[in-house]
Structures are given as C-alpha cells and as structure tokens.
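These are the residues of each chain, in order.
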Amino acid sequence: MYKVISLFCGCGGADLGLIGDFNYLDHLYQKTGFEILHASDINAKAINTYNLNFEHKAITDDVRNLNFER
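A. Broad picture of helix H2 (residues 44–53). Where H2 is concerned, the buried positions are Ala46, Ile47 and Tyr50. Around the axis of H2, the buried residues are gathered within 95° of arc, so they sit on the same side. With respect to the buried face of H2, the exposed residues turned more than 90 degrees away are Lys45, Asn48 and Leu52. Near the N-terminus of H2, the side chain that reaches the backbone nitrogen of Lys45, with its oxygen 2.9 Å away, is that of Asn43.

B. Expanded view of the sheet that holds strand S4 (residues 34–41). The strand order S1-S4-S5 describes an open sheet built from three strands, whose pairing is parallel. Both outer strands of the open sheet, strand S1 (2–7) and strand S5 (59–60), are each paired with one neighbouring strand and no more. Bridge analysis of S4 against S5 gives two bridges, and the strand direction is parallel. What sits directly across from Ser40, in S5, is Ile59. Contacting S4 and S5, H2 runs over the sheet at an angle of about 150° to S4.

C. View of unusual backbone geometry. One non-glycine residue, Leu25, lies in the positive phi region at around 50°. Mapped onto the secondary structure, Leu25 falls in the loop between strand S2 (22–24) and strand S3 (27–29). In the Ramachandran plot, Asp26 falls in the positive-phi region, its phi being about 60° despite a non-glycine side chain. Within the element layout of this structure, Asp26 appears in the loop between S2 and S3. With a relative accessible area of 85%, Asp26 lands in the exposed category.

D. Representation of the nonpolar core within the structure. In terms of nonpolar packing, the biggest core is built from eight residues, these being Cys9, Ile19, Ile36, Ala39, Ile47, Tyr50, Phe54 and Ala58. Counting only elements with at least two residues in this core, the list comes to S4 and H2. In this view, Ala39 contacts Ser6, Cys9, Asp15, Tyr50, Ala58 and Ile59; residues no more than four positions away in its chain are not counted.

What counts and how
- Residues numbered from 1 in each chain as written.
- Predicted model: local features only at pLDDT ≥ 70, side-chain atom pairs only at ≥ 80, totals over all residues.
- Heavy atoms only, no water.
- Buried < 20%, exposed > 50% of the residue type's maximum accessible area, 1.4 Å probe, protein only.
- Helix = DSSP H or I, 4+ residues; strand = E, 2+ residues; numbered from the N terminus.
- Arc of directions from axis to C-beta.
- Polar contact = N/O pair within 3.5 Å; in protein donor to acceptor, adjacent residues only side chain to side chain.
- Pairing = 2+ DSSP bridges.
- Contact = heavy atoms within 4.5 Å.
- Axes fitted to C-alpha atoms, helices over the stretch in contact; angles between N-to-C directions.
- Core = buried A, V, L, I, M, F, W, Y, C linked by side-chain atoms within 4.5 Å.

Dropping the structure here:
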C-alpha cells in the first residue's frame with residue numbers, strides 16, 4: 001500500500017480518483033493501492049464537502065503551517 005498526503009485537496013475529486021473504489025457512469029473503478037494519510041486545504045467549505053465524502057478526514061489549514069517532519 002502506498003501512503004500519500006493530499007495538499008490543496010479541495011473537495012476531494014482528485015483524491016477519489018487516487019484511491020478508487022467508486023462507481024461512475026455505470027463503471028466500477030477498483031480500489032487502488034493508495035492510502036491518504038493527510039489531506040488539507042485552506043478553503044473551509046471545500047473541506048466540509050471532503051469530510052462528508054471520505055472516511056479519513058481532511059483539515060482546514062494553510063500549507064505553510066503544516067509540520068512535514070512528522
């Protein structure tokens with residue numbers, strides 16, 4: 001399993017494509033080998049939408065405030 005972080009994640013469209021496991025236009029997109037460990041965006045409304053659609057939760061924060069050493 002590949003572990004990734006999603007910066008500037010918005011409402012999660014790219015993240016959905018990255019992890020797979022969804023239906024679109026009668027086509028099942030299989031789960032991929034990616035796991036999102038962190039997702040963030042500065043737009044609170046986008047994060048609210050993101051968090052309604054994913055089990056893992058994103059945070060609202062400026063990328064300049066994130067600690068990448070963890």
